[in-house]
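# A closer look at the structure
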Amino acid sequence: MSNLQVQLIKKPDAKYPRVNDVFQVKRAQIPNENEVKDGEVLLENLYFSIDATMRVWISGAKTYVDPVVPGNTMFGQAVSKVLASKSEKFQKGDYVIGLVNWTLYQIISDAKLHLVRRGGDIDDLTGYSFLGPLGISGLTAYIGFEAIGKPKEGETVVISAAAGAVGEIAVQLAKTYYKCKVIGIAGGPEKCDYVKKQLGAHDCIDYKNENLSKRLRELIPNGIHVYFDNVGGEMLDEILMHITDHTRIILCGAIATYNSTGEPYKVKNYPRLIIKRAVMQGFLYFDHPELFKPGQATISQMLKQGQMKIRYDIQNGLEQAPNGLAKLLLGQNNGKVVVKAKSEQPKL
């Protein structure tokens, strides 16, 4: 058996992701446990999270992580199993989560990992949940509300990309946990139908086929109290015309701008923030480790009580990771995109 690796071979241009030609799959030797040094572990990477921010990482821009440059192995958050350890933190058989390379096997410093389970085995659904509702997607939604949005019972919360990985959790938290009126925004009747009938939003605006401002005036004439922004760009600009006094805008993502290769979109309606004494703030979920446990406890309880539904868009095999990312960036996914590293389909 060889060690599958996914490498970036060129920076994306204006044709990406419609033309998905920026990655290549390579095979290398599997690391030997004898190569593990003090403070390191040998991992088998099992489940990978596919996230829209990866589009920024491969653009060459410096963010909160170093960019992926052509020739480098792509990386992302994953659930992995420890196969060998010279770490005081982890032992053989532990399941951990962290930013790892898009490879099947890897030696890595224990400082980059967090324990998710000790002992026993985990099934696929449990692995996916550590990346979705109990991991980056769920914590991002919960922390966005707790740290910035602070929704109050009866307020109106609007959520863009409401059928996406973070959006679907934000909708259900806002409706059930915070007891707010929830309006989702999504692209296409199928996604809007899911947001309303499955996630429980009071309504959903199909931005591809409806006039966003007209529908906002109809649904919430008194304005938005909390806006959870996963899209940015022109949609954010339009939303600013519908805020009310002391609106809180949670800047979580800007997927509308990630594929832009020209001049970045410039928000024009920002003076509305002054007039309405509103707050607009960005965040990263790992800025608030104190909210991890309460967030996981809240979402876990909702899952147990059947108050939260999660969809996974599963890519079978690490070699499908580039397709999963392109699918997400094109808006063709249904729910959280995850990659099960080892395909169970027979090779032809």
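This write-up is about the structure you can find in this document.

About the cut-offs
Residues numbered from 1 in each chain as written. Predicted model: local features only at pLDDT ≥ 70, side-chain atom pairs only at ≥ 80, totals over all residues. Heavy atoms only, no water. Salt bridge = Lys/Arg side-chain N within 4 Å of Asp/Glu carboxyl O. Helix = DSSP H or I, 4+ residues; strand = E, 2+ residues; numbered from the N terminus. Buried < 20%, exposed > 50% of the residue type's maximum accessible area, 1.4 Å probe, protein only. Axes fitted to C-alpha atoms, helices over the stretch in contact; angles between N-to-C directions. Parallel < 35°, antiparallel > 145°, perpendicular 65-115°, else oblique. Contact = heavy atoms within 4.5 Å. Nonpolar A, V, L, I, M, F, W, Y, C, P; charged D, E, K, R; others polar. Phe/Tyr/Trp six-rings, centres within 6.5 Å; stacked < 30°, edge-to-face > 60°. Lys NZ or Arg CZ within 6 Å of the ring centre and 35° of its normal. Pairing = 2+ DSSP bridges. Left-handed = near helix turned anticlockwise from the far one by under 90°. Right-handed = clockwise from strand over helix to strand, strands pointing away. Core = buried A, V, L, I, M, F, W, Y, C linked by side-chain atoms within 4.5 Å.

Counted by the stated rule, this structure contains 17 salt bridges. Among the salt bridges present, the one from Lys276 reaches Asp245, with a minimum N-O distance of 3.8 Å. Of this pair, Lys276 sits in the loop between helix H9 (271–275) and strand E13 (279–282) while Asp245 sits in strand E12 (residues 243–251), and the two are 31 residues apart along the sequence. For Lys327, the salt bridge goes to Asp313, with nearest N and O atoms at 3.1 Å. Taken as a pair, Lys327 in helix H11 (residues 321–329) and Asp313 in strand E14 (residues 312–316) lie far apart in primary sequence, 14 residues in all. On the accessibility criterion, Lys327 (26% relative accessible area) is partly exposed. Residue Asp313 is classed as buried on the basis of its relative accessible area of 7%. Residues joined by salt bridges that share partners form a network here, namely Asp203, Glu210, Arg215 and Glu218.

Moving on to the packing of helix H4 (residues 165–177) against helix H10 (residues 292–304). Contact geometry of H4 with H10 gives a least axis separation of 12 Å together with a crossing angle of 80°. Of the possible angle classes, the one that applies to H4 and H10 is roughly perpendicular. For the pair H4 and H10, the contacting residues are Ile169, Gln172, Leu173, Thr176 and Tyr177 in the first and Thr298, Ile299 and Met302 in the second. In terms of residue class, the contact of H4 with H10 is made up of five nonpolar, three polar and no charged.

We now examine the packing of aromatic side chains. All chains considered together, the criterion is met by eleven aromatic pairs. With 5.0 Å between their ring centres and 25° between their planes, Trp57 and Phe75 make a pair best called stacked. You can see Trp57 sitting in helix H1 (residues 54–57) and its partner Phe75 sitting in strand E4 (residues 75–85), a full 18 residues away along the chain. The pair formed by Trp57 and Phe75 is uniform in burial state, with each residue classed as buried. Each member of the aromatic cluster is reached from another via a ring pair, and the members are Trp57, Tyr64, Phe75, Tyr285, Phe286 and Phe292. Lying across the ring of Tyr194, Arg311 places its NZ or CZ 3.5 Å from the centre.

Here we take up the sheet that holds E13. Across the sheet, six strands lie side by side as E10-E9-E8-E11-E12-E13; this open sheet has parallel pairing. With partners counted over all chains shown, the strands left at the sheet margins are strand E10 (203–206) and E13, one partner each. Going from strand to strand, the sheet's axes swing by 15° on average, the running direction of each strand aside. Summarising the sheet, strand E9 (residues 181–186) and E10 pair through four bridges and their orientation is parallel. Of the residues in E10, the one forming a bridge with Ile183 is Asp203. Strand contacts of helix H3 (residues 136–149): strand E8 (156–159), strand E11 (224–229), E12 and E13, with the helix running at about 140° to E12, the strand carrying the most contacts. Running over the sheet, H4 touches E8, E9 and E11 and is turned about 170° from E8.

Another point: the packing of H3 against H4. At a minimum axis distance of 8 Å, the contact between H3 and H4 shows a crossing angle of 50°. When the interaxial angle is binned, H3 and H4 end up oblique. The hand of the H3/H4 crossing is right-handed. Within the contact between the two elements, H3 uses Ser137, Gly138, Thr140, Ala141, Tyr142, Phe145 and Glu146 and H4 uses Ala165, Val166, Ile169, Ala170, Leu173, Ala174 and Tyr177. Of the residues assigned to the contact of H3 with H4, the class counts are ten nonpolar, three polar and one charged.

The element E11 is largely enclosed, with a buried count of five among its six residues. Sheet topology places E8 next to E11; three bridges connect them, and they run parallel. Along E11, the bridge assignment pairs Val157 with Val226. Taking the sense of rotation as the criterion, the β-α-β connection linking E11, helix H7 (residues 233–239) and E12 turns out right-handed.

Below, the discussion takes up the nonpolar core. Formed by 38 residues in total, the largest nonpolar core has its most connected members in Phe23 and Trp102. When contributions to this core are tallied by element, the ones reaching two or more residues are strand E1 (3–8), strand E3 (40–49), H1, E4, strand E5 (95–101), strand E6 (105–109), H11 and strand E15 (336–340). At four residues, the largest contribution of residues to this core is made by H11.

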